[in-house]
Amino acid sequence: MLDELDKKIIVIMQEDFPLVAKPYLEIAERLGIDEDELLERLKGYRQSGKIRKMGAVLRHREVGYAANALCAWIVPEERIDEIGKLLAKDAVVSHCYSRISQPGWPYNFYTMLHAHTRKDCKVLAEDIAKRTGLQEYVMLFSTKEWKKISMQYFKD
Amino acid sequence: MLTAFDKSLLNIIQTDLSFEKRPFALVAEKLETTETIVIERLKFLKEHGFIRRIGPFFDSTKLGYIGTLVALEVKAEYISQVAEVINSYYGVTHNYEREADLNLWFTLLSPNLLKQDEILETIRNLEGVVRLLNLPATQKFKVSVQFSLT
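Residues numbered from 1 in each chain as written. Chains lettered and ligands numbered in written order. Predicted model: local features only at pLDDT ≥ 70, side-chain atom pairs only at ≥ 80, totals over all residues.

Undergrad: What's the story with the sheet that holds strand β3 (residues 92–98) of chain B in this structure? I'm lost.
TA: Either a parallel or an antiparallel arrangement is found when strands of a sheet pair, and the pairing is made through backbone hydrogen bonds. Taking strand neighbours across the sheet as the criterion, the 9 strands line up as β5(B)-β2(B)-β4(B)-β3(B)-β5(A)-β2(A)-β4(A)-β3(A)-β6(B) in an open arrangement whose pairing is antiparallel. On the outer flanks of this sheet lie β5 (129–135) and β6 (137–142) of chain B, each paired with one strand and no other. Neighbour to neighbour, the strand axes of the sheet diverge by 30° on average, direction disregarded. As paired elements, strand β2 (residues 66–74) of chain B and β5 of chain B share 6 bridges and run antiparallel to each other. Bridge pairing in β5 of chain B links L69 of chain B to L135 of chain B. In the packing of helix α4 (residues 80–88) of chain A onto the sheet, contacts are made with β3 (93–99) and β4 (109–115) of chain A together with β6 of chain B, and the angle to β6 of chain B comes to roughly 35°. (Pairing = 2+ DSSP bridges. Helix = DSSP H or I, 4+ residues; strand = E, 2+ residues; numbered from the N terminus. Axes fitted to C-alpha atoms, helices over the stretch in contact; angles between N-to-C directions. Contact = placed C-beta atoms within 7 Å.)

Right, here's the structure in full:
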């Protein structure tokens, strides 16, 4: 279970990371704790999987990946594991989830595809279809970003 | 424009920042440069919008949150007011208009299912919403955006 200090650490780690030689010392001082204790807890979160990775998120439009498509697939139940593991390895796929289907919406598997243009996105999807034999899919291109933020855990 | 050095730095910094006292010195070692140069370059890349955020990526499930993806069909003339209500929820992190009958897609993180149900019920009843599909994940195979810059 997370204690109060854990929650404080998680909140502060979601703020701007100090771009200084000793960033963790600066954060620890703001929390009023020891730098070693902060580093120990952070390593603990990574070990337990609470932290998946540590690093930078890029703005993909700025780094040249202007097109993105949410691609919804119909995958037979017995192939979900195989397809999921295969596509997770694919560098052009950033997110890959199986999800429940709904009445009138038979799609049960989703990949987020990134490329420089829409046309490239379509080629990527065609390639996945060819490699996997999955024929039924729809590509959902975004036309407007209404909101995109990083989650602020334990802040509400 | 990004230089070759910037691209190498961005490739490393996306996953490899350590929980060690001098994390940027370790990055500098890999790039055969100095800690100061790494820090200065990162400031530049952040100020110029190439980097959105630096920090840990938390696993929402392991922190106790419940996530889902929600697809809505909204009458065109109502889309901006529906989007605004959706955006007002703290746990909504992504909300995109997409080219399809289901024309508004958002992700929602909630502290529990009860809260999630309550939010979805409110949204389902907004004027202009034709249908709402709740599409919770059954398995997550990959959850991180990483770009390889060459």
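Still to come is the rest of the account.
Undergrad: Got a minute to help me understand the domain arrangement of chain A in this structure?
TA: Reports of interface size often rely on the accessible area that becomes lost once the parts have come together. Considered domain by domain, chain A is made up of domain 1 (4–48) and domain 2 (67–141). Taking only C-alpha atoms, the centre of domain 1 of chain A and the centre of domain 2 of chain A are 37 Å apart. (Domains from an automatic or database assignment.)

Undergrad: What exactly am I supposed to notice about the environment of T15 of chain B here?
TA: Tracing the sequence through the fold places T15 of chain B in the loop between α1 (4–13) and α2 (23–31). It is 9.7 Å that separates the C-alpha atoms of T15 of chain B and F57 of chain B, two residues lying 42 residues apart in sequence.

Undergrad: Got a minute to help me understand the UniProt feature "domain: Siroheme decarboxylase AsnC-like ligand binding" (unreviewed entry) in chain B in this structure?
TA: Feature annotation in UniProt assigns "domain: Siroheme decarboxylase AsnC-like ligand binding" (unreviewed entry) to the following positions: residues 62–142 of chain B. Between the end C-alpha atoms of residues 62–142 of chain B there is a gap of 15 Å, over a span that is 26% helix and 44% strand. (UniProt positions renumbered as here; feature names shortened; annotations may be inferred.)

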